[in-house]
Amino acid sequence: LPTTVSPRPAFAATIAIVDPTTVYQPHWEGWGTSLAWFGNVIGGWSEPKRSELADLVFGSSGLQMNMVRYNIGASPDPNTDTSMLTGRAIPSLATAPGVYDWSKDARQRWVLQAAKSRGATIFEAFANSPPWFMTKNNDASGGSDCGNNLRDDQYDDYANFLADVVRRFRDNEGIAFRTLSPLNEPNAGYWCAWNGQEGAGFTLDKQDQIVTQVAQALSAQGITG
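Below you will find a few notes about this structure.

Definitions and limits used
Residues numbered from 1 in each chain as written. Predicted model: local features only at pLDDT ≥ 70, side-chain atom pairs only at ≥ 80, totals over all residues. Heavy atoms only, no water. Helix = DSSP H or I, 4+ residues; strand = E, 2+ residues; numbered from the N terminus. Rg over C-alpha atoms; globule rule 2.2 N^0.38 Å. Buried < 20%, exposed > 50% of the residue type's maximum accessible area, 1.4 Å probe, protein only. Lys, Arg positive; Asp, Glu negative; His and termini not counted. Charge placed at Lys NZ, Arg CZ, Asp CG, Glu CD. Salt bridge = Lys/Arg side-chain N within 4 Å of Asp/Glu carboxyl O. Disulfide = S-S within 2.5 Å. Axes fitted to C-alpha atoms, helices over the stretch in contact; angles between N-to-C directions. Parallel < 35°, antiparallel > 145°, perpendicular 65-115°, else oblique. Left-handed = near helix turned anticlockwise from the far one by under 90°. Contact = heavy atoms within 4.5 Å. Nonpolar A, V, L, I, M, F, W, Y, C, P; charged D, E, K, R; others polar.

## A word on the overall build of the protein chain
Phase 1: Counting its secondary structure elements, the protein chain contains 5 helices and 6 strands.
Phase 2: In sequence order, the secondary structure elements of the protein chain are arranged as β-α-α-β-β-β-α-β-α-β-α.
Phase 3: Over its C-alpha trace the protein chain gives a radius of gyration of 22 Å, far above what one expects of a compact globule, namely 17 Å for 225 residues.
Phase 4: Taking the principal axes of its C-alpha atoms as reference, the protein chain extends roughly 70 × 50 × 40 Å.
Phase 5: Counting across all 225 residues of the protein chain, residues that qualify as buried make up 43%.
Phase 6: Distance from the positive charge centre (17 side chains) to the negative charge centre (23 side chains) of the protein chain: 5 Å.

If you want it as structure tokens, here you go:
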């Protein structure tokens with residue numbers, strides 16, 4: 001059947017003048033990337049490929065990204081959750097409460113140091129999930145009921161774990177994280193067991209609890225600023 005097409009309205013010509021001397025955001029700090037999850041992949045590449053890619057992303061002749069977001073891992077090594085997609089199971093630096101293996105997560109940590117050596121200056125840390133052994137179901141990808149998955153008796157341990165990691169990077173690896181997030185999209189309802197990546201839901205009361213306890217753990221370890 002024939003259809004009726006309305007004519008496009010006419011608009012007057014508009015001239016836009018670009019003035020590069022006008023500054024709208026005077027406190028621009030730079031730009032960057034999260035290492036989840038590509039850092040866990042390319043950090044395991046052989047040389048010279050991984051260094052070439054680091055040059056392209058962070059180097060002076062590349063994108064010159066100066067902000068880096070490091071993913072504090074939560075999965076066992078070797079990982080037992082076969083639903084995890086490539087690169088998304090980040091080995092936990094702790095194997096039990098207060099017990100650490102600082103050789104873990106070597107691939108992502110290589111990229112972190114590669115960024116620093118190429119001029120990155122702003123570092124942020126975050127966790128998608130508490131370490132697997134602190135969860136209710138021993139699975140860092142989410143709760144069996146898609147709800148809170150951090151065991152009620154592990155909030156102090158989780159807070160201390162995050163503070164220990166931040167202090168270790170500051171004192172032993174020369175990385176001073178400016179921010180630390182113990183949560184990632186905690187209100188989402190899709191952090192269910194075997195969902196393909198690390199993640200954990202936290203209800204509002206539990207969010208308040210863990211944020212408060214992380215702040216206390218950082219303060220207790222003298223991590224300020």
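## Re the environment of P78
Phase 1: Looking at the secondary structure, you find P78 in the loop between β2 (67-72) and β3 (94-96).
Phase 2: In this structure, the C-alpha to C-alpha distance between P78 and A176, residues 98 residues apart in sequence, is 28 Å.

## Observations regarding the pattern of salt bridges
Phase 1: Counted according to the given criterion, the structure contains 10 salt bridges.
Phase 2: R178 is the partner of E29 in a salt bridge, and the nearest nitrogen-oxygen pair spans 2.8 Å. In this pair, E29 is assigned in the segment before β1 (32-34) and R178 in strand β6 (residues 177-181), connecting sequence segments 149 residues apart.
Phase 3: Judged by its relative accessible area of 45%, E29 is partly exposed.
Phase 4: Assessed through its relative accessible area of 37%, R178 is described here as partly exposed.
Phase 5: Three or more residues are tied together by salt bridges with common partners; here these are D77, D101 and K104.

## Digging into the state of the cysteines
Phase 1: Under the counting rule described, the total for this entry stands at 1 disulfide.
Phase 2: The partner cysteine of C146 in its disulfide is C192, sulfur to sulfur 1.9 Å. Its S-S torsion of about 115° marks the bond between C146 and C192 as right-handed, since a negative value means left-handed. With C146 in the loop between β5 (122-127) and α4 (155-172) and C192 in the loop between β6 and α5 (204-220), this residue pair connects regions lying 46 residues apart in the sequence.

## Section: the packing of α4 against α5
Phase 1: The interhelical angle for the contact between α4 and α5, taken along N-to-C directions, is 50°, at an axis separation of 8 Å. On the basis of their axis angle, the class for α4 and α5 is oblique. Considering the relative orientation of α4 and α5, their crossing is right-handed. Contact residues: α4 offers Y155, D156, Y158, A159, N160, L162 and A163, while α5 offers K206, Q209, I210, Q213, V214, A217 and L218.
Phase 2: Residues of the contact of α4 with α5, tallied by class, amount to 9 nonpolar, 3 polar and 2 charged.

## Thoughts on the side chain of Q213
Phase 1: Among the secondary structure elements, Q213 is positioned in helix α5.
Phase 2: For Q213, a relative accessible area of 13% corresponds to the buried category.
Phase 3: Setting aside its immediate chain neighbours within four residues, Q213 contacts Y155, D156 and A159.

## Focus on unusual backbone geometry
Backbone phi values are negative for most residues with the exception of glycine, while trans is the configuration of most peptide bonds.
Phase 1: The omega torsion of the bond from A36 to W37 falls at 5°, within 30 degrees of zero and hence cis.
Phase 2: Mapped onto the fold, W37 is located in the loop between β1 and α1 (39-42).
Phase 3: Here the amide bond leading from E47 into P48 is cis, since omega sits at 5°, within 30 degrees of zero.
Phase 4: You can see P48 is positioned in the loop between α1 and α2 (49-58).
Phase 5: The residue D105 is not glycine, and still its phi comes out positive at about 55°.
Phase 6: Assignment of secondary structure puts D105 in the loop between β4 (99-100) and α3 (106-117).
Phase 7: Among the residues examined, D105 registers a relative accessible area of 4% and is labelled buried.

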